[in-house]
Amino acid sequence: MNRTGSGCTEALLPEGREKPAGQPLWLLAELTYKCPLQCPYCSNPLDFARHGEELTTDQWIRVLREARELGAAQLGFSGGEPLTRPDLVDLIREARQLGYYSNLITSGIGLTERKVADFREAGLDHIQVSFQASDEEVNNMLAGSAKAFAQKLKMAREVKAQGYPMVLNFVTHRHNIDRIDRIIELCIELEADYVELATCQYYGWAYENRAELLPTRAQLERAERITNEYRERLAAAGNPIRLIFVTPDYYEERPKGCMNGWGQIFLTVTPDGTALPCHSARQLPVEFPSVKQQSLGDIWYRSFGFNHFRGDDWMKEPCRSCDEKEKDFGGCRCQAYMMTGDAANADPVCSKSPHHDLIVQAREAAENPAGTGFTYRNERNSRVFCRG
Ligand code: FES
């Protein structure tokens with residue numbers, strides 16, 4: 001199948017046609033799309049239910065080894081919920097032997113004291129527990145589970161008790177951002193070390209639910225101001241907690257240098273073994289290779305998918321002649337595709353983009369939300385997108 005529209009049907013490029021690439025320093029291992037929660041801002045693909053069998057333990061171990069040989073040093077285990085994989089301890093042990101710095105990105109659902117101890121013994125470096133909100137009702141409404149909040153609190157405490165730094169992640173949006181003070185108070189109470197207050201990024205289910213999630217500019221500015229006030233107060237009191245505030249690019253005038261450039265340092269492998277230059281690229285009309293068929297070395301250096309948006313010869317105006325293209329690489333290919341239908345367009349976040357009005361319209365819509373309700377991320381809703 002040729003999904004590139006370029007006339008190139010080879011899975012691998014002929015020798016000499018590869019473009020310059022760095023090493024894949026960061027490997028994101030999306031072990032599974034299974035998840036007990038239903039967060040409406042999940043970055044997984046809408047049609048995750050269509051994607052086939054998960055890689056076996058041996059196949060994952062081969063991926064870890066090959067990526068390490070290519071230079072990968074940071075490894076994130078994510079999903080879905082990676083705790084649903086019964087072989088997680090084996091994969092952690094392998095990662096430790098290979099010399100990775102490994103991070104488990106989890107909702108905490110399915111975690112137990114025993115598992116935390118097993119992961120520690122196997123050599124896991126870092127556990128990040130995500131929360132949906134600071135209060136039980138909103139948290140559980142967003143997670144689609146009545147028990148989620150209590151379990152998260154318990155497991156966050158357990159992670160810290162077993163000697164890990166406490167790393168918490170709160171995805172913020174219009175439904176919880178006004179409670180940023182309560183979120184920070186909860187983090188202080190839990191004695192968190194690092195807190196990511198990450199405003200929702202609009203990919204996957206979050207893009208589908210954007211009208212319900214995008215905060216207003218006033219909400220964002222207030223949240224950032226309160227976070228800064230807390231930072232000052234906490235530093236003055238000698239509290240070492242680090243608050244990291246991430247704003248959505250919808251309120252910027254220049255795009256982010258997404259993934260530090262296409263196929264430059266990030267490598268994602270999905271549950272069924274598809275290799276991607278970012279977690280969202282699967283939706284693009286570009287054919288991506290599978291680790292079941294090719295080595296990671298061939299995939300990284302020679303596959304059509306990984307070379308496609310490397311460098312700048314694919315760029316159109318205004319990116320092509322822009323003096324900022326070395327800095328932002330034209331922004332995010334996935335965002336350009338989702339919003340304009342062409343992944344080679346400039347990211348509409350950029351005020352030089354002819355499609356920037358789409359971003360302005362989304363900001364305006366956030367001022368007067370229609371209140372349409374969420375499409376939750378679950379198997380049933382995903383099947384609807386599989387048909388579409
Ligand atoms: Fe795919 Fe930005 S998320 S290129």
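Bear in mind that the values here come from a model prediction, so they are computed numbers and not experimental data. (Residues numbered from 1 in each chain as written. Predicted model: local features only at pLDDT ≥ 70, side-chain atom pairs only at ≥ 80, totals over all residues. Heavy atoms only, no water.)

**Concerning the side chain of Ser303**
Here Ser303 is to be found in the loop between helix H10 (296–302) and helix H11 (304–307). Owing to a relative accessible area of 0%, Ser303 belongs among the buried residues under this scheme. Of note is the side chain of Ser303, whose polar atom sits 3.3 Å from the backbone nitrogen of Phe306. (Helix = DSSP H or I, 4+ residues; strand = E, 2+ residues; numbered from the N terminus. Buried < 20%, exposed > 50% of the residue type's maximum accessible area, 1.4 Å probe, protein only. Polar contact = N/O pair within 3.5 Å; in protein donor to acceptor, adjacent residues only side chain to side chain.)

**Observations regarding the side chain of Glu81**
Relative to the helices and strands, Glu81 resides in the loop between strand E2 (74–78) and helix H2 (88–98). Of the side chains with opposite charge, Lys152 comes closest to the buried, unpaired Glu81, at an N-O distance of 7.0 Å. Within polar-contact distance, the side chain of Glu81 engages the side chain of Thr106 at 2.9 Å. Excluding residues that lie within four positions of it along the chain, Glu81 makes contacts with Thr32, Lys34, Cys35, Pro36, Thr106, Ser107, Gly108 and Ile109. (Lys, Arg positive; Asp, Glu negative; His and termini not counted. Salt bridge = Lys/Arg side-chain N within 4 Å of Asp/Glu carboxyl O. Contact = heavy atoms within 4.5 Å.)

**Examining the pairing of strand E8 (residues 266–269)**
Pairing of strand E1 (residues 26–30) with E8, which is carried by four bridges, proceeds in the parallel orientation. What sits directly across from Trp26, in E8, is Phe266. Bridging between E8 and strand E9 (residues 275–276) involves two bridges; their strand directions are antiparallel. Opposite Thr268, over in E9, you have Leu276 as the bridge partner. The loop that links E8 with its antiparallel partner E9 comprises five residues; one of these, Gly273, has a positive phi angle of about 95 degrees. (Pairing = 2+ DSSP bridges.)

**Some details on the environment of Val195**
Relative to the helices and strands, Val195 is located in strand E6 (residues 194–199). When its relative accessible area of 1% is taken as the criterion, Val195 is described as buried. In this structure, the C-alpha to C-alpha distance between Val195 and Val138, residues 57 residues apart in sequence, is 19 Å.

**Looking at the UniProt feature "domain: Radical SAM core" (unreviewed entry) in the protein**
When the UniProt feature table is mapped to this numbering, "domain: Radical SAM core" (unreviewed entry) covers residues 21–236. Note that residues 21–236 is 44% helix and 16% strand, and that its end C-alpha atoms are spaced 44 Å apart. (UniProt positions renumbered as here; feature names shortened; annotations may be inferred.)

**Let's talk about unusual backbone geometry**
Along the chain, Gly79 connects to Gly80 via a cis peptide bond; the corresponding omega equals 20 degrees. Inspection of the secondary structure puts Gly80 in the loop between E2 and H2. Backbone torsion omega between Glu317 and Pro318 reads 10 degrees, so that peptide bond is classified as cis. Within the chain, Glu191 stands out as a residue other than glycine whose phi angle is a positive 60 degrees. Look at Asn260: it is not a glycine, yet its phi comes out positive at around 60 degrees.

**A short note on the sheet that holds strand E7 (residues 242–246)**
Spatial ordering of the open sheet is given by E7-E6-E5-E4-E3-E2-E1-E8-E9, a layout of nine strands whose pairing is mixed. With one partner strand each, in any of the chains shown, E7 and E9 form the two edges of the open sheet. The sheet contacts of helix H5 (residues 148–161) involve strand E4 (126–131) and strand E5 (167–172), and relative to E4 the element is tilted by about 155 degrees. (Axes fitted to C-alpha atoms, helices over the stretch in contact; angles between N-to-C directions.)

**Overview of the packing of aromatic side chains**
What the rule picks out here adds up to 12 aromatic pairs. Between Tyr33 and Phe48, the aromatic rings sit 6.1 Å apart at their centres with planes inclined by 55 degrees, giving tilted as the arrangement. On the criterion of sequence distance, the pair formed by Tyr33 in the loop between E1 and helix H1 (57–70) and Phe48 in the loop between E1 and H1 is long-range, its members being 15 residues apart. Of the two residues, Tyr33 and Phe48, neither departs from the other in class, the shared state being buried. Relative to Phe170, the ring of Phe131 has its centre 5.2 Å away and its plane inclined at 15 degrees; by these criteria the two rings are stacked. In this pair, Phe131 sits in strand E4 while Phe170 sits in strand E5, placing the two residues 39 residues apart along the sequence. Linked through ring pairs, Tyr33, Phe48, Trp205 and Phe385 together constitute an aromatic cluster. The lysine or arginine in question, Arg68, covers the ring of Tyr100, its NZ or CZ lying 5.7 Å from the ring centre. Against the face of Phe48 rests Arg377, its NZ or CZ located 4.0 Å from the ring centre. (Phe/Tyr/Trp six-rings, centres within 6.5 Å; stacked < 30°, edge-to-face > 60°. Lys NZ or Arg CZ within 6 Å of the ring centre and 35° of its normal.)

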